[in-house]
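Here are the chains, one letter per residue:
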Amino acid sequence: MTNQTNTQAYEDAALEKRREHLKNESTLIIEMANNEDFSALRCIHQLSVAGGATEGTYTAIEQRIVADQDAAGAYHLALLAQNTPDLPVDARQLIEIVVNKGDNEQRLALLKNLPLPPVELIKEQILASDDGEAIGQMNAYLQINPEGHGSQHMLVSGNSDQIVPLSEGKNIKFD
């Protein structure tokens, strides 16, 4: 065998080993999501450690989040979905859970990190909380960004308060 053939065989074996590892990790994560209430954050952590998962894994985690109405899990999976545009999750549903069930810190993070955040819904929830600090942070952010454009706008405009960039083309619209 030539060196090129050996290299290709080694790469093929390594790829197959990685696929098998991800398949096994996915099975464990799906089992956890299907059987343990409020396990979404642990599942997302395991997914991150594994370096990926099957489509069914993401679906199982999303179903766990929805069943538990888990704002923390929804927040993290929504942000993950923004960074990985082909994930089989309904980011809108996750965002609504965060806005309606989450805390003001999560709402403010969505306001700043989503390309097109549901500004009015977030404003309503933060104002209704009577949390002066959160209201002040929201007002300060909206003063420099009145339309509530998320981090993509901030990066394009060259604003010095840069947020971690999100996936392009993943626009979420709220009616």
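Our structure's up above, just so we're on the same page.
The rules behind these values
Residues numbered from 1 in each chain as written. Predicted model: local features only at pLDDT ≥ 70, side-chain atom pairs only at ≥ 80, totals over all residues. Heavy atoms only, no water. Helix = DSSP H or I, 4+ residues; strand = E, 2+ residues; numbered from the N terminus. Expected span 1.5 Å × (residues − 1). Buried < 20%, exposed > 50% of the residue type's maximum accessible area, 1.4 Å probe, protein only. Contact = heavy atoms within 4.5 Å. Core = buried A, V, L, I, M, F, W, Y, C linked by side-chain atoms within 4.5 Å. Axes fitted to C-alpha atoms, helices over the stretch in contact; angles between N-to-C directions. Parallel < 35°, antiparallel > 145°, perpendicular 65-115°, else oblique. Left-handed = near helix turned anticlockwise from the far one by under 90°. Arc of directions from axis to C-beta. Salt bridge = Lys/Arg side-chain N within 4 Å of Asp/Glu carboxyl O.

Caption draft 1: Focus on helix α3 (residues 55-68). Over its 14 residues, α3 extends 20 Å from the first C-alpha to the last, a length consistent with the 20 Å expected when each residue adds 1.5 Å. Of the positions making up α3, those classed as buried are Thr-57, Tyr-58, Ala-60, Ile-61, Glu-62, Arg-64, Ile-65 and Asp-68. Looking at the buried residues of α3, the elements they touch are α1 (3-35), α2 (40-50), α4 (71-83) and α5 (91-101).

Caption draft 2: Examining the nonpolar core more closely. Ranked by internal contacts, the top residues of the largest apolar core, which has 38 residues, are Ile-61, Ile-65, Leu-77 and Leu-110. Of all the secondary-structure elements, those providing two or more residues to this core are α1, α2, α3, α4, α5, α6 (104-113), α7 (119-129) and α8 (132-144).

Caption draft 3: Representation of the packing of α1 against α3. Running from N to C, α1 and α3 cross one another at 15°; their axes reach a closest spacing of 9 Å. As judged from the angle between their axes, α1 and α3 are roughly parallel. As α1 packs across α3, the resulting crossing turns out to be left-handed. Each of Ser-26, Ile-29, Ile-30, Ala-33, Asn-34 and Asn-35 in α1 lies in contact with α3, whose residues at this interface are Gly-56, Thr-57, Ala-60, Ile-61 and Arg-64.

Caption draft 4: Representation of the side chain of Ser-39 in the model. With respect to the helices and strands, Ser-39 occurs in the loop between α1 and α2. Looking at Ser-39, the relative accessible area reads 0%, which means it is buried. In contact with Ser-39, not counting residues within four places along its chain, are Met-32, Ala-33, Arg-64 and Asp-68.

Caption draft 5: Representation of the environment of Ala-109 in the model. Along the polypeptide, Ala-109 turns up in helix α6. Residues Ala-109 and Leu-79 lie 30 residues apart in sequence; the distance between their C-alpha atoms is 9.7 Å.

Caption draft 6: Fine view of α2. Among the residues of α2, Ala-40, Cys-43, Ile-44, Leu-47 and Ala-50 are the ones counted as buried. Along the long axis of α2, the arc covered by the buried residues comes to 125°, so they all point the same way. Pointing more than 90 degrees away from the buried face of α2 are the exposed residues Ser-48 and Val-49. On its buried face, α2 sits against α1, α3 and α4. Within two residues after α2, Gly-51 carries a phi angle of roughly 85°, on the positive side.

Caption draft 7: View of the pattern of salt bridges. For the structure shown, the criterion picks out six salt bridges. One salt bridge in this structure joins Arg-42 and Glu-36, with 2.7 Å as the shortest N-O distance. Take Arg-42: its relative accessible area is 45%, and that puts it in the partly exposed class. Arg-64 is the partner of Asp-68 in a salt bridge, and the nearest nitrogen-oxygen pair spans 2.9 Å. Pair noted here: Asp-68 and Arg-64 are both in helix α3, with a separation of four residues, about one helical turn. This pair shows no difference in class: Asp-68 is buried, exactly as Arg-64 is.

Caption draft 8: Spotlight on unusual backbone geometry. Look at Gln-69: it is not a glycine, yet its phi comes out positive at around 50°. Within the fold, Gln-69 resides in the loop between α3 and α4. Even without being glycine, Asp-130 reaches a positive phi, approximately 60°. With respect to the secondary-structure elements, Asp-130 resides in the loop between α7 and α8.

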